[in-house]
Amino acid sequence: MSKRDYYEVLGIQKGASDDEIKKAFRKLAIKYHPDKNPGDKEAEEKFKEVNEAYSVLSDKTKRQRYDQFGHAGVGGAGAGGAGNPFEGFNFNGQSFNFDFGGAGTGGLDDILGAMFGFGGGFRGARRGRDYRTTATIDFEEAIFGTTKNISVDGESIKLKIPAGIYDGQQIRLAGKGGPAPQEGGQRGDLYVEIRVRAHKTLTREGNLILSEATISMVDAVLGTEIEVMTVDGKITMRVPAGTQPGTNFKLSGHGAPIQPGSSERGPHIVTINVEIPKNINKKQKELIQEFDKAKKRGIFG
């Protein structure tokens, strides 16, 4: 189901002020808050939708990208109540679950196992200890996926990391933890926390990849071509004449996967900074003053 317009969600106009956005959010957040609507799933979804809209429209940078590119410009901000998109994920024949370090989602068996070491409900056989470890990957590996060898109890385990994983997420490998303490029991699970190294020039926001590029004042006025470093390599991008500082440009398909293991990717957003010269000579100053006079006479738009 397609997402609703964030302004529509909050019931405000596109040009609403920050104060109007905040007031609209507070009103709706109180109206749909779970504490006021216990057991009401529709109210819960609306509460999440309102929070998602506010998280974008209250952030100047995200709002600017949303106004320019719509939902594609904010990288699917907020899960919209869709739950854990990594749960029960199967990647290249390797089945494992992802979580975010919170409570497990495996139901009663997992709860009992965590509390009492039981596996498989009430079968009575104890299960082995869960192991935890970390694996560090590069920014690009998080985007495209990779395979890492990790060592557990002297055993080398091949860990397949799907494209699109986030920093801090955990991969659970069932049965790869400690051995069962008694015959008929089950091995514990292995939890691997993924740590993603920061990139020098790129950052990630959902399925977006963000970067900045600085051009001269002259290039901003006359237009130019620049080389943008993406995870796919360098791409030549045209910057049109009259580009203003803070303008965003979208390189479609050069962002992060829209969901784990997907070949479809979000965009790479490039924000343009314009360098204003600090020191100019007399001739340059005269030219700028002449340009200003011509503009005031209406010679330039």
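Residues numbered from 1 in each chain as written. Predicted model: local features only at pLDDT ≥ 70, side-chain atom pairs only at ≥ 80, totals over all residues. Heavy atoms only, no water.

Draft legend 1. Region of interest: the overall build of the protein chain. Broken down by element type, the protein chain carries eight helices and 14 strands. By the burial criterion, 38% of the 301 residues in the protein chain qualify as buried. For the protein chain, long-range pairs separated by at least 24 residues make up 56% of all intrachain contacts whose partners lie at least 6 apart in sequence. Total accessible area on the protein chain stands at roughly 17,900 Å², and carbon and sulfur atoms take up 50% of it. (Helix = DSSP H or I, 4+ residues; strand = E, 2+ residues; numbered from the N terminus. Buried < 20%, exposed > 50% of the residue type's maximum accessible area, 1.4 Å probe, protein only. Contact = heavy atoms within 4.5 Å. Areas by Shrake-Rupley, 256 points an atom, 1.4 Å probe, with all protein chains shown as cover.)

Draft legend 2. Representation of the confidence of the model for the protein chain. Taken as a whole, the protein chain shows an average pLDDT of 84; of its residues, 82% reach a score of 70 or greater. Note that residues 78-89 has pLDDT below 50 and, in this model, 30 contacts with residues that lie over four places away or in other chains. This stretch, residues 92-124, has a pLDDT under 50; its non-local contacts, to residues over four places away or in other chains, come to 61 contacts. (pLDDT = per-residue confidence, 0-100.)

Draft legend 3. Up close: the packing of aromatic side chains. Counted according to the given criterion, the structure contains three aromatic pairs. Residues tyrosine 7 and tyrosine 66 carry aromatic rings whose centres are separated by 6.1 Å and whose planes lie at 40 degrees to one another, so their mutual orientation is tilted. Here tyrosine 66 lies in helix 4 (residues 60-69) and tyrosine 7 lies in helix 1 (residues 6-10), a separation of 59 residues in the sequence. One exposure class covers both tyrosine 7 and tyrosine 66, and it is buried. Between phenylalanine 25 and tyrosine 54, the ring centres sit 4.0 Å apart and the planes meet at 10 degrees, which makes this aromatic pair stacked. Here tyrosine 54 lies in helix 3 (residues 41-57) and phenylalanine 25 lies in helix 2 (residues 18-32), a separation of 29 residues in the sequence. Taken individually, phenylalanine 25 and tyrosine 54 each receive the classification buried, so the pair is uniform in this respect. A network of ring pairs unites the aromatic residues Tyr6, Tyr7 and Tyr66 as a single cluster. (Phe/Tyr/Trp six-rings, centres within 6.5 Å; stacked < 30°, edge-to-face > 60°.)

Draft legend 4. Highlighting unusual backbone geometry. For aspartate 153, which is not glycine, the phi torsion reads 55 degrees and is therefore positive. Mapped onto the secondary structure, aspartate 153 falls in the loop between strand 5 (146-152) and strand 6 (155-161). Owing to a relative accessible area of 59%, aspartate 153 belongs among the exposed residues under this scheme.

Draft legend 5. Inspection of the sheet that holds strand 10 (residues 208-216) at higher detail. Sheet architecture is open: four strands sit in the order 9-10-14-13, paired in mixed fashion. What marks the edges here is a single partner per strand, and that holds for strand 9 (203-205) and strand 13 (248-251). Sheet twist, expressed as the mean angle between neighbouring strand axes with direction ignored, is 35 degrees. Note that strand 10 and strand 14 (residues 268-275) share eight bridges and pair parallel. When the bridges of strand 14 are listed, alanine 213 appears paired with isoleucine 272. Set on the sheet, helix 4 makes contact with strand 9, strand 10, strand 13 and strand 14; between it and strand 13 the angle comes to about 60 degrees. (Pairing = 2+ DSSP bridges. Axes fitted to C-alpha atoms, helices over the stretch in contact; angles between N-to-C directions.)

Draft legend 6. Representation of helix 4 in the model. Regarding helix 4, the residues found buried are Arg63, Arg65, Tyr66 and Phe69. Down the axis of helix 4, the smallest arc covering the buried residues is 165 degrees, so these residues share one side. The N-capping residue of helix 4, defined by a side-chain oxygen 3.0 Å from the backbone nitrogen of threonine 61, is aspartate 59. Immediately beyond the C-terminal end of helix 4, within one or two residues, lies glycine 70, with a positive phi of roughly 75 degrees. (Arc of directions from axis to C-beta. Polar contact = N/O pair within 3.5 Å; in protein donor to acceptor, adjacent residues only side chain to side chain.)

Draft legend 7. Here's a closer look at the environment of serine 262. One can find serine 262 in the loop between strand 13 and strand 14. Judged by its relative accessible area of 16%, serine 262 is buried. Each C-alpha atom, one on serine 262 and one on phenylalanine 144, is 9.6 Å from the other, the two residues being 118 residues apart in sequence. Here glutamate 264 takes part through its backbone nitrogen, which lies 3.0 Å from a polar atom of the side chain of serine 262.

Draft legend 8. Region of interest: the nonpolar core. Within the largest apolar cluster, 21 residues are counted, with the highest numbers of intra-cluster contacts made by Tyr6, Leu10, Ile12, Ile21, Val50, Leu57 and Tyr66. Elements supplying a minimum of two residues to this core: helix 1, helix 2 and helix 3. Residue contributions to this core peak at seven residues, all from helix 3. In contact with isoleucine 21, not counting residues within four places along its chain, are Leu10, Ile12, Ala16, Tyr54, Leu57 and Arg63. (Core = buried A, V, L, I, M, F, W, Y, C linked by side-chain atoms within 4.5 Å.)

Draft legend 9. Structural detail: helix 8 (residues 282-296). Taking 1.5 Å of rise per residue, the 15 residues of helix 8 would be expected to cover 21 Å, and the 21 Å separating its terminal C-alpha atoms lies within 8% of that figure. Just past helix 8, the residue glycine 298 takes up positive phi, approximately 85 degrees. (Expected span 1.5 Å × (residues − 1).)

Draft legend 10. How the structure looks around the pairing of strand 6. Pairing of strand 5 with strand 6 involves seven bridges; the strand directions are antiparallel. What sits directly across from isoleucine 150, in strand 6, is isoleucine 157. Taken together, strand 5 and the strand that follows it, strand 6, pair antiparallel across an intervening segment of two residues, in which aspartate 153 is found at a positive phi of about 55 degrees.

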